[in-house]
Amino acid sequence: MKTTFASLAAYGFATVLALAAPLPSWNEGPNKRAITSFVEAVTTDGGADYLPPAERVAVFDNDGTLWAEQPLYFQFLYVLDTIKAKADQHPEWKTKEPFASVLKGDVKGVLASGHEGIGALMAATHAGMTTDEFAASVRAWLATARHPTTGKPYTEMTYRPMVELLEYLREHGFKTYIVSGGGVEFMRQWAEAAYGIPPEQVIGSHGKMRYEVREGKPVLLKEPELLFNDDKEGKPIAIQSFIGRRPVAAFGNSDGDYQMLEWTTKGQKGRRLGALIHHDDATREWAYDRNSPVGKLSKALDDAEANGWVVVSMKDDWKAIFSTLSK
């Protein structure tokens, strides 16, 4: 009996330790150690690499880094669903491209319309509304829309290991930001609930807006023109413009994040961390990199070792993928 109680006590103690360990959804290995050793180094007061809390800035891409991005960026799926929902108000869309392709479910036809066609879809679903109206539209869509492959709500397609990483960094005095090519007004509607990142720490692409007073109430009206594209070279520019401090850690998953990781890690004194999330798990998520129409990862993957960037394998480094209880 003593052995049984001792075994149970040991098991319970081991369980507590496991729960208390950082990043529980990450497998032990060099990539997890690279993250935890970096955090330990820059937060140990008196250490050679110590950084005061004000300098602990970490930036994250969103699509493909914090939540999934296949088969299409989720904001684009919102656009397609919204076009279908508004079709009764626009009978001309049945014969007008790329709207006709949307209504027929012909995604290839939609993509073949190029930047001009996609811009027309974005204008039809984003422009002409106040920011409050757009926010309500996004929240209503998220409440009912489901991913076409998994059937999950889109906010359950966030990555559990990355949510843990965000929390782990904040516990150690880091300020976490999203720096994404996605629309800033789209992401701000759910990022705080999903990631614990407040709206003022979400940076993304954004269109022009116009200030108006309607019936005595001031509003901001979304216009169709793009003001800033927060991708590739745009990401360091946005970081400097909106944060005003160079990050010490950056996480991405595609060539669109190359310049953000480069800006964070190269030519800087002291310890820095750059990491790429590699989608290599075809069983639990998707496997893609160089030839994907979304989240293309080629140059950044080739240069990762020379640049000292960690390449996180979803297959090997993560015990679980999504933030729901199912793996």
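Residues numbered from 1 in each chain as written. Predicted model: local features only at pLDDT ≥ 70, side-chain atom pairs only at ≥ 80, totals over all residues. Heavy atoms only, no water.

### As for the packing of aromatic side chains
Inference 1: Counted by the stated rule, this structure contains 17 aromatic pairs.
Inference 2: With a centroid separation of 4.6 Å and 10° between ring planes, the pair formed by F60 and F251 is classed as stacked. Within this pair, whereas F60 is found in strand β1 (residues 57-60), its partner F251 is found in strand β5 (residues 249-252), the two being separated by 191 residues in sequence.
Inference 3: In this structure an aromatic cluster arises from ring pairing among W67, F74, Y78, F134, W141, Y154, F186, W190 and Y195.
Inference 4: It is K222 that lies over the ring of F134; its NZ or CZ is 4.7 Å from the centre.
Inference 5: Residue placement shows R246 over the ring face of W263; its charged tip is 3.4 Å from the ring centre. (Phe/Tyr/Trp six-rings, centres within 6.5 Å; stacked < 30°, edge-to-face > 60°. Helix = DSSP H or I, 4+ residues; strand = E, 2+ residues; numbered from the N terminus. Lys NZ or Arg CZ within 6 Å of the ring centre and 35° of its normal.)

### A word on the pattern of salt bridges
Inference 1: Tallying each qualifying case throughout the model produces eleven salt bridges.
Inference 2: Between K235 and D61 there is a salt bridge, with its nearest N and O atoms 3.1 Å apart. Taken as a pair, K235 in helix α11 (residues 234-243) and D61 in the loop between β1 and α3 (74-86) lie far apart in primary sequence, 174 residues in all. This pair shows no difference in class: K235 is buried, exactly as D61 is.
Inference 3: Across the pair R284 and D281 runs a salt bridge whose closest N-O atoms are separated by 2.7 Å.
Inference 4: Classification of D281 by relative accessible area gives buried; the value is 5%. (Salt bridge = Lys/Arg side-chain N within 4 Å of Asp/Glu carboxyl O. Buried < 20%, exposed > 50% of the residue type's maximum accessible area, 1.4 Å probe, protein only.)

### Observations concerning the nonpolar core
Inference 1: Counting 65 residues, the largest nonpolar core has M162, L165 and Y195 as its most contacted members.
Inference 2: The element that contributes the greatest number of residues to this core is α3, accounting for seven residues.
Inference 3: Sequence-distant contacts of L165, defined by excluding residues within four places in its chain, comprise L23, W26, I35, F60 and F251.
Inference 4: Listed in part, the 17 residues of the second largest apolar core include V179, Y258, L297 and W309. (Core = buried A, V, L, I, M, F, W, Y, C linked by side-chain atoms within 4.5 Å. Contact = heavy atoms within 4.5 Å.)

### Some remarks on the pairing of β1
Inference 1: Side chains V57 and V59 project from β1 onto one buried face, and the interleaved A58 and F60 project onto a second face that is buried too.
Inference 2: With four bridges connecting them, β1 and strand β2 (residues 175-183) associate as parallel partners. When the bridges of β2 are listed, V59 appears paired with Y177.
Inference 3: In the sheet, β1 pairs with β5 via three bridges, with the strands oriented parallel. Paired with A58 across the two strands is A249, which belongs to β5. (Pairing = 2+ DSSP bridges.)

### A word on the packing of helix α2 (residues 30-43) against helix α8 (residues 160-171)
Inference 1: The interhelical angle for the contact between α2 and α8, taken along N-to-C directions, is 15°, at an axis separation of 11 Å. On the basis of their axis angle, the class for α2 and α8 is roughly parallel. You can see that α2 and α8 cross each other, and the crossing is right-handed. Along the contact surface, α2 presents I35, T36 and V39, while α8 presents L165, Y168 and L169.
Inference 2: Classifying every residue of the contact of α2 with α8 by side-chain character gives five nonpolar, one polar and no charged. (Axes fitted to C-alpha atoms, helices over the stretch in contact; angles between N-to-C directions. Parallel < 35°, antiparallel > 145°, perpendicular 65-115°, else oblique. Left-handed = near helix turned anticlockwise from the far one by under 90°. Nonpolar A, V, L, I, M, F, W, Y, C, P; charged D, E, K, R; others polar.)

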